[in-house]
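Structure assessment
Here are the chains, one letter per residue:
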Amino acid sequence: MTSARQFQFKSINYTGLQAGPRVIIMGATHGNEVCGTKAIQRVMEEIDSGKLHIAAGSVTFVPIVNPLAYAQNTRNGDRNLNRDLFPKEKPLDFEDQVANWLCPLLGQHDVLLDLHSFAATGEPFVMVGPLDNDGTLQPFRHAAKERAWARRLGVRRFVDGWLATYGDGVQRRSRSADELETVLRYGVGTTEYMRSTGGFALTLECGQHDDPAAPDVAYRAIMNTLAHLGLIAAADPQPVAFDEMEALSMVVVHDKLHADDAFVRPWKSFDPVSEGELLGHRADGTPVVAEFGGRILFPAANAAANTEWYYLTRPNATFGRE
């Protein structure tokens, strides 16, 4: 186990004189995704210099959520912090130590913006939560607010349906109710935990890790968030027009059943696929085809057997109009 004594956790809060929401903005949940860290530091410099003023509510910045992974310039320290994110009575790894500090901090806020980046090339996108519901998986009450905010971050691509689709896959492969509950917990990351406390949250994937534009995407999202939620004296940003948006819903996850299951080409997230298109082959030669047209998401060529291999998404024509 990595000793927590080697590191410390840091958050910085700015509180205005007027009432308003309690916002938390985070970077480096994964240590090699530093665009959020850079953008947060830029915004804090503007606040500290007097160029920017928090007039209402409060904003807490966490420039580096996972200091071990950040120091190593790796995605994870001991494991993926953005899975199984719950306080642990007996922490077993460094990410458990982070969770024991971070989860209570999230619970003190109303709104979370978690800033990430990704390995492949591609345009920024936002991961959005479910519609309002009373279900057991992810009950929610703030879909309209969350989606209105998402359309003001400055990007045009939106994805919803993560936990429900992941949960369907877990249920399909689980052997018992206890195993199902354990693995579903694994699907809970920062935004899912924030929603479980009664708040709302977005994950913004700002671009490829080394894209020099990614910190600017993150900076614009922070400034638009502060304006939209009324923390600074600025006009509410215009939402992206409906005809300029690409909204996608995750519909189904397919597992890699054998280590020798293989794709026919190196798929990337958001590559378009047509109904019936050949995606890969099972180890026994059985073809794997797309059951409907849409886009592939999170293809994992090196996935282990009996784990997620790829997701398929469909266009969501009603996103933001619900």
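It should be emphasised that the depicted structure is a prediction, and the values quoted were computed from it without experimental measurement.

Once that is clear, we can look at the UniProt feature "domain: Succinylglutamate desuccinylase/Aspartoacylase catalytic" (unreviewed entry) in the protein chain. Taking the UniProt record as the reference, the feature "domain: Succinylglutamate desuccinylase/Aspartoacylase catalytic" (unreviewed entry) is found at residues 19–117. As a span, residues 19–117 carries 35% helix and 22% strand, and end to end its C-alpha atoms are 32 Å apart.

What the rule picks out here adds up to 20 salt bridges. With a closest N to O distance of 3.0 Å, Glu 146 and Arg 195 form a salt bridge. Of this pair, Glu 146 sits in helix H4 (residues 143–150) while Arg 195 sits in helix H7 (residues 190–196), and the two are 49 residues apart along the sequence. A network of salt bridges, in which partner residues are shared, links Arg 79, Asp 84, Lys 88, Asp 93 and Asp 96.

Let us look at the pairing of strand E7 (residues 200–208). A large share of E7 lies buried, amounting to 9 of its 9 residues. As defined by bridge partners, strand E4 (residues 111–118) adjoins E7 across 7 bridges and the pair is classed as parallel. Bridge assignment links Leu 115 to a residue of E7, and that residue is Leu 204. The sheet contact formed by strand E5 (residues 125–128) and E7 spans 3 bridges and is antiparallel. Within E7, the position partnered with Phe 125 by the bridge is Glu 205.

Here we take up the packing of aromatic side chains. Here the structure, examined in full by the defined rule, presents 15 aromatic pairs. When the centroid spacing of 6.1 Å and the interplanar angle of 70° are considered together, the rings of Tyr 14 and Phe 61 count as edge-to-face. Here Tyr 14 is found in strand E1 (residues 12–15), whereas its partner Phe 61 is found in strand E3 (residues 56–62), with 47 residues between them in sequence. Accessibility assignment for this pair places Tyr 14 and Phe 61 in one class, buried. Taking the centre distance of 6.0 Å and the plane angle of 50° together, the rings of Trp 162 and Tyr 311 count as tilted. Residue Trp 162 is located in helix H5 (residues 162–173), and its partner Tyr 311 is located in strand E14 (residues 307–315); the two are separated by 149 residues in the primary sequence. Here Trp 162 matches Tyr 311 in class, with each residue buried.

Cut-offs and rules
Residues numbered from 1 in each chain as written. Predicted model: local features only at pLDDT ≥ 70, side-chain atom pairs only at ≥ 80, totals over all residues. Heavy atoms only, no water. UniProt positions renumbered as here; feature names shortened; annotations may be inferred. Helix = DSSP H or I, 4+ residues; strand = E, 2+ residues; numbered from the N terminus. Salt bridge = Lys/Arg side-chain N within 4 Å of Asp/Glu carboxyl O. Buried < 20%, exposed > 50% of the residue type's maximum accessible area, 1.4 Å probe, protein only. Pairing = 2+ DSSP bridges. Phe/Tyr/Trp six-rings, centres within 6.5 Å; stacked < 30°, edge-to-face > 60°.

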